[in-house]
Amino acid sequence: MNLLSSIDATELPATALDGDELWYKDAIIYQLHVKAFADSNNDGIGDFAGLTEKLDYLRDLGVTALWLLPFYPSPGRDDGYDIADYGAINPDFGTMKDFRRFIVEAKKRGLSSPTPRSRTGPGTRKPASFIGTASSRTSRISTSTIRAWSAVSCK
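These lines cover the structure that appears in this document, whether it is placed above or below. (Residues numbered from 1 in each chain as written. Predicted model: local features only at pLDDT ≥ 70, side-chain atom pairs only at ≥ 80, totals over all residues. Heavy atoms only, no water.)

Some details on the overall build of the protein
Thought 1: Broken down by element type, the protein carries five helices and four strands.
Thought 2: Mapped from its N terminus to its C terminus, the protein presents α and β elements in the order β-α-α-α-β-α-β-β-α.
Thought 3: Residues classed as buried in the protein amount to 43% of the 155 residues present.
Thought 4: Look at the contacts in the protein between residues 6 or more apart in sequence, and 63% of them connect residues 24 or more apart. (Helix = DSSP H or I, 4+ residues; strand = E, 2+ residues; numbered from the N terminus. Buried < 20%, exposed > 50% of the residue type's maximum accessible area, 1.4 Å probe, protein only. Contact = heavy atoms within 4.5 Å.)

Brief notes about the pattern of salt bridges
Should the charged atoms of two oppositely charged side chains come close, the side chains can pair.
Thought 1: This structure, assessed with the given rule, holds five salt bridges.
Thought 2: Between Arg109 and Asp56 there is a salt bridge, with its nearest N and O atoms 2.6 Å apart. Here the residue Arg109 occupies a position in the loop between helix 4 (96-108) and strand 3 (115-118), and Asp56 occupies one in helix 3 (residues 55-60), the gap between them amounting to 53 residues.
Thought 3: Note that Lys108 and Glu105 form a salt bridge whose closest N and O atoms lie 3.1 Å from each other. A residue pair is termed a helical-turn pair when its members lie 3 or 4 positions apart in one helix, as Lys108 and Glu105 do in helix 4 at three residues.
Thought 4: Among the charged side chains, a salt-bridge network with shared partners connects Asp56, Arg59, Asp60, Glu105, Lys108 and Arg109. (Salt bridge = Lys/Arg side-chain N within 4 Å of Asp/Glu carboxyl O.)

What to know about unusual backbone geometry
Thought 1: The backbone of Asn42 sits at a positive phi, close to 60°, despite the residue not being glycine.
Thought 2: Its location among the elements puts Asn42 in the loop between helix 1 (34-37) and helix 2 (48-53).
Thought 3: Looking at Asn42, the relative accessible area reads 73%, which means it is exposed.

A closer look at the packing of aromatic side chains
Thought 1: As enumerated under the stated definition, the model contains eight aromatic pairs in all.
Thought 2: Aromatic pair Phe71 and Tyr72: ring centres 4.7 Å apart, planes at 25°, arrangement stacked. Summarising the burial analysis for this pair, Phe71 and Tyr72 share the class buried.
Thought 3: Taken together, Phe48, Phe71, Tyr72, Tyr86, Phe99 and Phe102 form an aromatic cluster joined through their ring pairs. (Phe/Tyr/Trp six-rings, centres within 6.5 Å; stacked < 30°, edge-to-face > 60°.)

Here we look at the pairing of strand 2 (residues 65-68)
Thought 1: Because side chains alternate across strand 2, one face comprises the buried residues Ala65 and Trp67, and the other comprises Leu66 and Leu68, equally buried.
Thought 2: Looking at chain direction, strand 1 (residues 29-32) and strand 2 are connected through four bridges and run parallel. Within the sheet, the bridge partner assigned to Gln31 lies in strand 2 and is Trp67. (Pairing = 2+ DSSP bridges.)

Observations concerning the nonpolar core
Thought 1: Counting residues in hydrophobic clusters, the biggest one holds 19 residues, and the most contacted among them are Val34, Phe48, Leu51, Leu66, Leu68, Phe71 and Phe102.
Thought 2: Mapped onto this core, the elements with two or more residues apiece are helix 2, helix 3, strand 2 and helix 4.
Thought 3: It is helix 4 that contributes the most residues to this core, four residues altogether.
Thought 4: Ignoring anything within four residues of it in the chain, the contact list for Leu66 reads Tyr30, Leu32, Leu55, Leu58, Phe102, Leu111, Ser112, Ser113 and Pro114. (Core = buried A, V, L, I, M, F, W, Y, C linked by side-chain atoms within 4.5 Å.)

Considering the environment of Asp47
Thought 1: Of note, Asp47 is situated in the loop between helix 1 and helix 2.
Thought 2: Asp47 sits 13 residues away from Val34 along the chain, and the two C-alpha atoms are 5.6 Å apart.
Thought 3: The residues contacting Asp47, other than those within four sequence positions of it, are Val34, Ala38, Asp39, Ser40, Asn41, Asp92, Phe93 and Gly94.

Overview of the environment of Ala65
Thought 1: Among the secondary structure elements, Ala65 is positioned in strand 2.
Thought 2: Judged by its relative accessible area of 0%, Ala65 falls in the buried class.
Thought 3: For the pair Ala65 and Leu111, spaced 46 residues apart in sequence, the C-alpha separation works out to 5.1 Å.
Thought 4: Residues in contact with Ala65, not counting those within four places in the same chain, are Trp23, Ala27, Ile28, Ile29, Tyr30, Leu111 and Ser112.

Dropping the structure here:
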């Protein structure tokens, strides 16, 4: 299940990244783990509300894409890569509403947010695929795959 499939693209403003299949070639990608980035409720665990509050800061640093480590519910045997439910948000990191707000606010700032999704079963680390960010202004956000991720990593 694609978490972004429930976000209507009419909620999202158009950005310079829309329609650019090679956006990642010039992207400044900031990798972060939601649980360690910004804690909005002082429980000691970062969350989507805290991350959303820091989007202007990240944009001002020159970041154009946020690479989020897994934020789905997980038994925790493989640092979140042993995903138990692709259609939900780890409750430690917030709610689906918090996640949707993050996506909308990131897009308003021109920030893309590809998120890793393990294709394998629990406890293994294999190459990731990505549920993606933008497609068009009139359709729902679609799943996209970044085929040249290794090229970006080595650039």
